[in-house]
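One letter stands for each residue in the lines below.
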2 protein chains.
Amino acid sequence: MNSDPLAAAGTPLPRTPGVAVWEAVRADLLSRIKRGDHAPDEQLPSETALAQNYGVNRLTVRRALNELARVGVLRTMHGVGSFVAPQLMRHRIDDGRISLLESMSGRGHNVTQHILETVEHPGPRRAAGVPELAQVAGFGLSDPSELWTFPDFPGPLIEHRYVLDLDETPWCTSFAVVPKALVPADWDGTESIFSALAKTHGLAVRRDDRRFSAILADTRDAALLHVPAGAALLLLSGTNVDQDGRIVAYIVHHIRGDRAEYALRVPGPSIGPGEEA
Amino acid sequence: MNSDPLAAAGTPLPRTPGVAVWEAVRADLLSRIKRGDHAPDEQLPSETALAQNYGVNRLTVRRALNELARVGVLRTMHGVGSFVAPQLMRHRIDDGRISLLESMSGRGHNVTQHILETVEHPGPRRAAGVPELAQVAGFGLSDPSELWTFPDFPGPLIEHRYVLDLDETPWCTSFAVVPKALVPADWDGTESIFSALAKTHGLAVRRDDRRFSAILADTRDAALLHVPAGAALLLLSGTNVDQDGRIVAYIVHHIRGDRAEYALRVPGPSIGPGEEA
DNA sequence: TAGTGGTCTAGACCACTCA
DNA sequence: GAGTGGTCTAGACCACTAG
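The sections below set out a description of the structure shown in this document.

Reading the values: the criteria
Residues numbered from 1 in each chain as written. Chains lettered and ligands numbered in written order. Predicted model: local features only at pLDDT ≥ 70, side-chain atom pairs only at ≥ 80, totals over all residues. Heavy atoms only, no water. Buried < 20%, exposed > 50% of the residue type's maximum accessible area, 1.4 Å probe, protein only. Helix = DSSP H or I, 4+ residues; strand = E, 2+ residues; numbered from the N terminus. Pairing = 2+ DSSP bridges. Near = heavy atom within 4 Å. Polar contact = N/O pair within 3.5 Å; in protein donor to acceptor, adjacent residues only side chain to side chain. Nonpolar A, V, L, I, M, F, W, Y, C, P; charged D, E, K, R; others polar. Salt bridge = Lys/Arg side-chain N within 4 Å of Asp/Glu carboxyl O.

With that settled, consider the pairing of strand E12 (residues 260-265) of chain A. All names here are of chain A. Most of E12 sits inside the fold, with 5 of its 6 residues counted as buried. Inspection of the sheet shows strand E3 (residues 91-94) paired to E12 by 4 bridges, in the parallel sense. Residue pairing across strands places Ile93 opposite Tyr262, the latter belonging to E12.

Our next topic: the protein's contact with DNA strand D. Inspection of the region around DNA strand D gives 25 residues, with A:Val21, A:Asn57, A:Thr60, B:Arg58 and B:Arg62 positioned closest. Within the side chain of A:Asn57, one N or O atom sits 2.6 Å away from a base nitrogen of DNA strand D. Elements that contribute at least two residues to the surface near DNA strand D include exactly helix H1 (21-35) and helix H3 (58-70) of chain A together with helix H3 (58-70), strand E1 (74-77) and strand E2 (81-84) of chain B. Take the surface near DNA strand D: its biggest share by element is 4 residues, from H3(A). Per-class residue counts for the surface near DNA strand D are 9 nonpolar, 10 polar and 6 charged.

Before going further, it helps to spend a moment on the pattern of salt bridges. Residues and elements named next belong to chain B. Overall, the coordinates contain 34 salt bridges over all chains when judged by the stated rule. Here Arg32 and Asp28 are joined by a salt bridge, their closest N and O atoms 2.8 Å apart. With Arg32 and Asp28 both in helix H1 (residues 21-35) and 4 residues apart, the pair spans about one turn of that helix. Judged by its relative accessible area of 10%, Arg32 is buried.

Quick look at the structure:
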């Protein structure tokens, strides 16, 4: 069993009291990966094999693998195997443009956008419909009674749900609500709604506020983003307004926490704490 | 078994093919809680009891409970039981002050700060020492080779690790690195370092940049924040500078995603997308 | 069809809390 | 000591992927 020359991963572990076995297995696997024993995209031994090598039950190995998958170190595929995740570097998204698409383009990245679905609503919409926060719709919002409404553009709304891919890999699911009256008829979904909307109506769209939080990937996000359910996502929501301060869009992004970092420079005048402290 | 009049939670579930049993149990528990069957802080039946009621194995129930705990719907305590988490409303942190402490105070909240440890370093420090991202130190950073260094204040550094409590419950673990030369001798840790530092040296400290991402709580964060390991945390890091643009501090916050939302108004002039699109 | 990961079970033991 | 959650095991079956 352990005389296999290639079975480098997983020799029986010393069981230290106070430390769970799955935790020891996780730490061992992680240190091997960090040390470089396994190349990126390399397939790990099967769960059964790891269990044998470590001398533990398969469920114990699974728990360790699961934790590593959630933090983005591993990637497991049903019926195929577990693989070391490549390039664990976060991409920095620099703020400044109105849409994430524009923010990431022009940095040498190939950013594409895919519309998943487009739904029309007759009128104001409960914000509770935010891409369900780990199936906890209604919870998790700062104000569950918040309405997505457009005082200056009454009438039906359009909801767009789309995915942003960065260099061939999905890294963000998004959700936008805009007044139907503003959506250009010829918009094909390849450019951001906001620049299309700005071109068509001559509006200067800008972000009015941004709100950041963190959530876990639900099964839907997980499937779209190629992460396991329970992975950490950056929740970025905000409101877009035109040059007159009229609300033209509500947006919600779910950004892979293991692949992106949203950077923001603070442009305003310096705020001296001494003034009030 | 199921004739118990009080055993409202958990009658045998219809097994629908294609849906995992633990997933069905999770959905059932969640809907009961959302419906209000269980008051906040109410204790759920024991795992054994739930397993009997649902007619499934205890491990299956545990998986469901675990997922609910990670998203903040439940709170489980070893040897005690599982409880419905109270007030699932997020607190909104409004940006504008240099420190989170000041941001949350003055909003009717009782914010306190507890220093966990203070460590001195002889010189520049590798940023990889960020509160280990789910034990994946070195991974998860936008730039692992990043240095925490202060060109204008050479000499030893002080690292502070502390916890912010909001109305008696912890909601943020923080990490700050400042030049030792700037730390006031009489600073007792009850006010933010930055206002203390500003008072002592007459510096007007302000945030220079902010970087947002999402991570999972490791065991250390979990213990400090009273969340289970694997809960979603908002990772907020940034640099503080004085009025002359000299770097005076690096800070990292791990904020409970189920309890807080970081809001930011965009003050700058409107950015028209039409200009470049 | 063989091999992989995903799920579920029954049963055991341990660690923790509290009366 | 009774009751709770935390861990681990052995074994089974299913679902998926690939040759």
